[in-house]
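Secondary and tertiary structure notes
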Amino acid sequence: MTTSDSTSAAVDHGVDLAAIAERVNRAIDQTLTELKSLVAIPGIAWEAFDAAELDRSAEAVAALVRSTGMEDVQILSVDTPDGKPGSPAVVGRRPAQPGKPTILLYAHHDVQPPGDRELWNTEPFEATESKGRLYGRGAADDKAGIMVHIASLRAVLDVVADFGVGVTYFFEGEEEAGSPSFRPFLEKHRELLASDVIVVADSSNWKVGVPALTTSLRGMVGAEIEVRVLNHAVHSGMFGGPVLDAPTVAARLIASFHDDEGNVAVEGLLARDTDPVDYAEADFRADSSVVDGYRLAGTGALADRLWNKPALSVIGMDIPSVELSSNTLQPMTRLKISVRLAPGQDPQEAAEALQRHVQSQDLFGARIDFTAVEQGNAFSTDTEAAAARASLWSLEKAWGVTPVETGIGGSIPFISDLLDLYPQAQILVTGVEDPDSRAHSANESLHLEDFRKAVIAEALLLARLDSEGLK
């Protein structure tokens, strides 16, 4: 019997499972209405978009925080290291009673740009329900995370008499732009955000109907590489042959990044074989949308290739489009690469290994400039810690199935900042997405039943922390 059935009267770890589930279920329509209102606000923290919408988003989120009974609610911002204004973050605090822990609940209210409208089946900023899902930009990433935090606290306050856990909300406004002011914000407001447990609600579940606690994240290095073969463009018929154009030389460099099996071939990048959970190839193919006949790259367990080995992708390249092309030898091209790092890899050492690899290639003497532009540490969870055990318990009770302790191939670089400033805090990475949520893509969506269970799970976690603390 699961708590979502709302029929069990069991008390487990001092928590009334049925009462929590019943309270969440009773309020779910209101919760979804509030989520839809957030989705309607196009708060995008990129310079090309209207910053006033971010302010409007922050005000709407602050009103939701106040609706939980919090009186200490602020909209704050801090300049980025280069002096530009940071985006508005919402911070709300409910102090802990003596002897009770404090939990910080993180999510972000900014969203990705909508992209090509023609690729959407619905209006990006009009939340639309269809076949058990809610479509719209931010419906999953990460306004649903905000509403999980809001709705779970409301439920616990209604059910748990004299609830004493301290709760701090931290809803960032620039995560999709790389969190440029995150570290300065933490440093300025370190005491304001101090906590014993930090829940980052910005990850994914294993699949629809099966929850997950994200227990590892890959680190990352981003780099830009400029390849120059000429001082200026020249006619391809007059000079082609003795001179290879810059994109062709860059293609030779790009080809050196992987071996014939598709493994990353950069010496000095770590890879691990850990025999993780089984990820069926058929499921991966469906989740990733690879075309029929495409042979998956790399060797070893599929989950290891995703979570515990490096991945290198070319994510941008400056080259004329086919439409604008001419019979010209391109003198220079730039490319940007993104490298995901296995847990245990130092990002600075990885950047140096990558630079050595680039500079060691025989590229006909072309001028190569390498610049590391982004770094982030990997993350792993101590699943024996009290908060992790309580989280896994709450997920199992809410879904009625055993949760998966999953890695994520992506990175959340700001988690390393949290670890630096709050080394004693237990960090949990949770989320409401599933493999078909399509965050950052057209037709982003939220699975509504899993969303409801995510609210129940977090409410159970809060209630257990109140009952048992961090024992």
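Since we're looking at a predicted model, the values are computed, not measured.

Attention now goes to the overall build of the protein. Regarding its fold elements, the protein presents 13 helices and 20 strands. A globule of 471 residues ought to have a C-alpha radius of gyration of about 23 Å, and the protein, at 24 Å, matches this closely. Within the protein, buried positions represent 53% of all 471 residues. A sequence separation of at least 24 residues applies to 80% of the contacts in the protein between residues at least 6 apart. Carbon together with sulfur atoms contributes 48% to the accessible area of the protein, which is approximately 20,700 Å² in total.

Each neighbour pair has its own omega, and for D141 with D142 the value is 10 degrees, a cis peptide bond. Note on placement: D142 falls in the loop between β7 (133–135) and α4 (143–159). Although it is not a glycine, S289 adopts a positive phi angle of roughly 70 degrees. In this fold, S289 is placed in the loop between α8 (281–288) and α9 (302–307). Unlike most non-glycine residues, F364 shows phi in positive territory, near 60 degrees. The topology assignment puts F364 in the loop between α10 (347–360) and β16 (367–376).

Before going further, it helps to examine the pattern of salt bridges. Evaluation of the coordinates by the stated rule reveals 24 salt bridges. Between E449 and R452 there is a salt bridge, and its shortest N-O distance comes to 2.5 Å. In this pair, E449 and R452 both sit in helix α13 (residues 448–468), three residues apart, roughly one turn of the helix. Residue class for R452 comes out buried when judged on its relative accessible area of 12%.

About the criteria used
Residues numbered from 1 in each chain as written. Predicted model: local features only at pLDDT ≥ 70, side-chain atom pairs only at ≥ 80, totals over all residues. Heavy atoms only, no water. Helix = DSSP H or I, 4+ residues; strand = E, 2+ residues; numbered from the N terminus. Rg over C-alpha atoms; globule rule 2.2 N^0.38 Å. Buried < 20%, exposed > 50% of the residue type's maximum accessible area, 1.4 Å probe, protein only. Contact = heavy atoms within 4.5 Å. Areas by Shrake-Rupley, 256 points an atom, 1.4 Å probe, with all protein chains shown as cover. Salt bridge = Lys/Arg side-chain N within 4 Å of Asp/Glu carboxyl O.

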